[in-house]
Amino acid sequence: MPKRAGNRVSLDLAGKPVSASRTEMTEVVLPQDANVFGNILGGRVMHLVDIAAAITAHRHCRSMAVTASVDHIDFRNPIRVGEVIMLKASLNRAFHTSMEIGVKVFSEDILTGERKHTTSAYVTFVALDENHQPKPVAPVICKTPEDRRRYREALVRRKYRLAHRGNEP
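In short, a report on the structure.

What counts as what
Residues numbered from 1 in each chain as written. Predicted model: local features only at pLDDT ≥ 70, side-chain atom pairs only at ≥ 80, totals over all residues. Heavy atoms only, no water. Helix = DSSP H or I, 4+ residues; strand = E, 2+ residues; numbered from the N terminus. Buried < 20%, exposed > 50% of the residue type's maximum accessible area, 1.4 Å probe, protein only. Contact = heavy atoms within 4.5 Å. Areas by Shrake-Rupley, 256 points an atom, 1.4 Å probe, with all protein chains shown as cover. Lys, Arg positive; Asp, Glu negative; His and termini not counted. Charge placed at Lys NZ, Arg CZ, Asp CG, Glu CD. Pairing = 2+ DSSP bridges. Axes fitted to C-alpha atoms, helices over the stretch in contact; angles between N-to-C directions.

Here the focus is the overall build of the protein. Along the backbone of the protein there are two helices and nine strands. Start at the N end of the protein and walk to the C end: the helices and strands fall as β-β-β-β-α-β-β-β-β-β-α. Taking the principal axes of its C-alpha atoms as reference, the protein extends roughly 55 × 35 × 30 Å. Here the protein holds 169 residues, and 40% of them are scored as buried. Summarising the internal contacts of the protein: among those between residues at least 6 apart in sequence, 71% fall at separations of at least 24. Summed over its atoms, the accessible surface of the protein is roughly 9,800 Å², and 54% of this surface lies on carbon and sulfur atoms. The distance from the centre of the 26 positive side-chain charges to the centre of the 18 negative ones in the protein is 7 Å.

Okay, structure coming up:
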């Protein structure tokens, strides 16, 4: 049933837990992914972050979704050729038609098993209907204290993101 909220129409959608859309990706860093120092290219990491976040968004909204914003990406440690890159993406919060996804990237040394947190990013996706127009998304259900913390912090980032775009929330 459509329900009017201000001048927007939203649908009553059943909420989904964060765990329903969580995504993990793993691959080996190969020479074609590297710069002259033997580290994975930042652009390659950004590409993988976008893919992991997209899978999370698609799983949550069960429709097509497009990247609307990458408002933060932080490179902490390099990932060397031959190491494993692991990406973990989780839905932080669903808004009317958009979703914020947090992605953490880790490296793993194949020989020692040592893991390092290498990159963090926040990516916003917008769900699209069959006409490629924004469509409402289901709310997120937070089940853990970590889920609730990330949910609260996502609103702060959204307000900042929208203020810098010149739009009102």
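Let's pick the thread back up.
This brings us to the sheet that holds strand 7 (residues 98–108). Hydrogen bonds between backbone groups are what pair the strands of a sheet, and the pairing can be parallel or antiparallel. Strand order in this open sheet of five strands is 4-6-7-8-5, and the pairing throughout is antiparallel. On the outer flanks of this sheet lie strand 4 (23–28) and strand 5 (64–75), each paired with one strand and no other. Averaged over all neighbouring strand pairs, the angle between strand axes comes to 25 degrees, with direction disregarded. Relative to strand 7, strand 6 (residues 84–94) runs antiparallel, the two sharing 10 bridges. Bridge assignment links Ala 89 to a residue of strand 7, and that residue is Val 103.

Everything listed here is a matter of coordinates, which is why it stays silent on function.
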